[in-house]
Amino acid sequence: MTRIHATAVSIGGKAVLLTGASGAGKSDLALRLIDRGAVLIADDQVELRLQDGVLRASPPPTIEGRIEVRGVGIVAMPFTCDVPVALAIDLDLPPERLPERRTRMIGGTAVSLALLDPREISAPLKVELLLSSCPTALD
C-alpha cells in the first residue's frame, strides 16, 4: 500500500486524484465536483493499492468521511472506498492550450495525467470531460 498527498473523488465509479501543493485548490475542486454528483474518497491523503494490475484508491481510516473546507473547518461527508484510479489531475503545473496525452507513474502503475487550473469556473466540467475521454484499463 502507498499513501500519497492528494484528494480523491469518485465519478461514475472511477477515481480522480487531485494532486498539488497545500493551498493549490484540491479540496475546493473536490467540493465542486461533489456538488455535481461525485463522491468523496479522501481529502489530503489517499491510500493506493495495486490489485490485479488496477490501482485502487481509499481513504486512510483516520480521515475517512472528512474533508477540510477552508474557512469552515473539517466537515463530515459521505464517502466511498476501493475505487479504481482512472485519472490524475496536477493542480501545480500550468495547463496547456492543446495538451498531448501524458501519464504519471503512481503507486507502481501509469495513470492518465492532466494539468488544470482548479480556480477556473469550468474546472469541474473539464475534469468530467477528461475522465470521459481518457483511456483506462477499466474500459
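Provided above is the structure to which this section pertains.
As the structure is a prediction and not an experimental result, all values here were calculated from the model.

Chemist: Whenever I open this one, the nonpolar core confuses me. Can you help?
Modeler: Counting residues in hydrophobic clusters, the biggest one holds 23 residues, and the most contacted among them are Val-9, Ile-11, Val-16, Leu-18, Leu-33, Ile-89 and Val-127. Put simply, the parts of the chain that give this core at least two residues each are strand S2 (7–11), strand S3 (14–19), helix H1 (26–35), strand S7 (66–69), strand S9 (83–90) and helix H2 (123–133). It is H1 that contributes the most residues to this core, 4 residues altogether. Setting aside anything within four residues of it in sequence, one finds Val-9 in contact with Lys-14, Ala-15, Val-16, Ala-30, Leu-33, Ile-34, Ala-38, Val-39, Leu-40 and Ile-41. Within the second largest apolar cluster, 17 residues are counted, among which are Ala-6, Ala-15, Ala-88 and Val-111.

Chemist: Quick question: what am I supposed to make of H1 here?
Modeler: Residues spaced three or four apart along an α-helix face the same direction, because each turn holds 3.6 residues. Of all the residues in H1, the buried ones are Lys-26, Ser-27, Leu-29, Ala-30, Leu-33 and Ile-34. Each buried residue of H1 sits inside an arc of 160° when the element is viewed along its axis, so together they form one side. In this fold, the buried residues of H1 make contact with strand S1 (2–5), S2, S3, strand S4 (39–42), S7 and H2. Just beyond H1, the residue with positive phi is Gly-37, at close to 115°.

Chemist: Would you take a moment to explain the pairing of strand S5 (residues 45–51) for this structure?
Modeler: Looking along a regular strand, one sees side chains alternate from face to face of the sheet. Bridge count for S1 against S5 is 4 bridges, and the pairing is antiparallel. In the sheet register, Thr-2 faces S5, and the bridge partner there is Leu-48. Across 5 bridges, the pairing between S5 and strand S6 (residues 54–58) is antiparallel. Bridged to Gln-51 within S6 is Val-54. Hairpin connection from S5 to S6: 2 residues lie between these consecutive antiparallel strands, with Asp-52 at a positive phi of about 50°.

Chemist: Hey, could you run me through the pattern of salt bridges in this one?
Modeler: Pairing between side chains of opposite charge can happen when the charged atoms of each approach one another. Enumeration over the complete set of coordinates arrives at 8 salt bridges. The residue Arg-3 makes a salt bridge to Glu-47 at a minimum N-O spacing of 2.6 Å. Of this pair, Arg-3 sits in strand S1 while Glu-47 sits in strand S5, placing them 44 residues apart in sequence. Owing to a relative accessible area of 14%, Glu-47 belongs among the buried residues under this scheme. Here Glu-128 ties to Arg-36 by a salt bridge, and the two come within 2.6 Å at their closest N and O atoms. With Glu-128 in helix H2 and Arg-36 in the loop between H1 and S4, this pair connects stretches of sequence that are 92 residues apart. Owing to a relative accessible area of 22%, Glu-128 belongs among the partly exposed residues under this scheme. Owing to a relative accessible area of 46%, Arg-36 belongs among the partly exposed residues under this scheme. A network of salt bridges, in which partner residues are shared, links Arg-49, Arg-56 and Asp-82.

What counts, and where the lines are drawn
Residues numbered from 1 in each chain as written. Predicted model: local features only at pLDDT ≥ 70, side-chain atom pairs only at ≥ 80, totals over all residues. Heavy atoms only, no water. Core = buried A, V, L, I, M, F, W, Y, C linked by side-chain atoms within 4.5 Å. Buried < 20%, exposed > 50% of the residue type's maximum accessible area, 1.4 Å probe, protein only. Helix = DSSP H or I, 4+ residues; strand = E, 2+ residues; numbered from the N terminus. Contact = heavy atoms within 4.5 Å. Arc of directions from axis to C-beta. Pairing = 2+ DSSP bridges. Salt bridge = Lys/Arg side-chain N within 4 Å of Asp/Glu carboxyl O.

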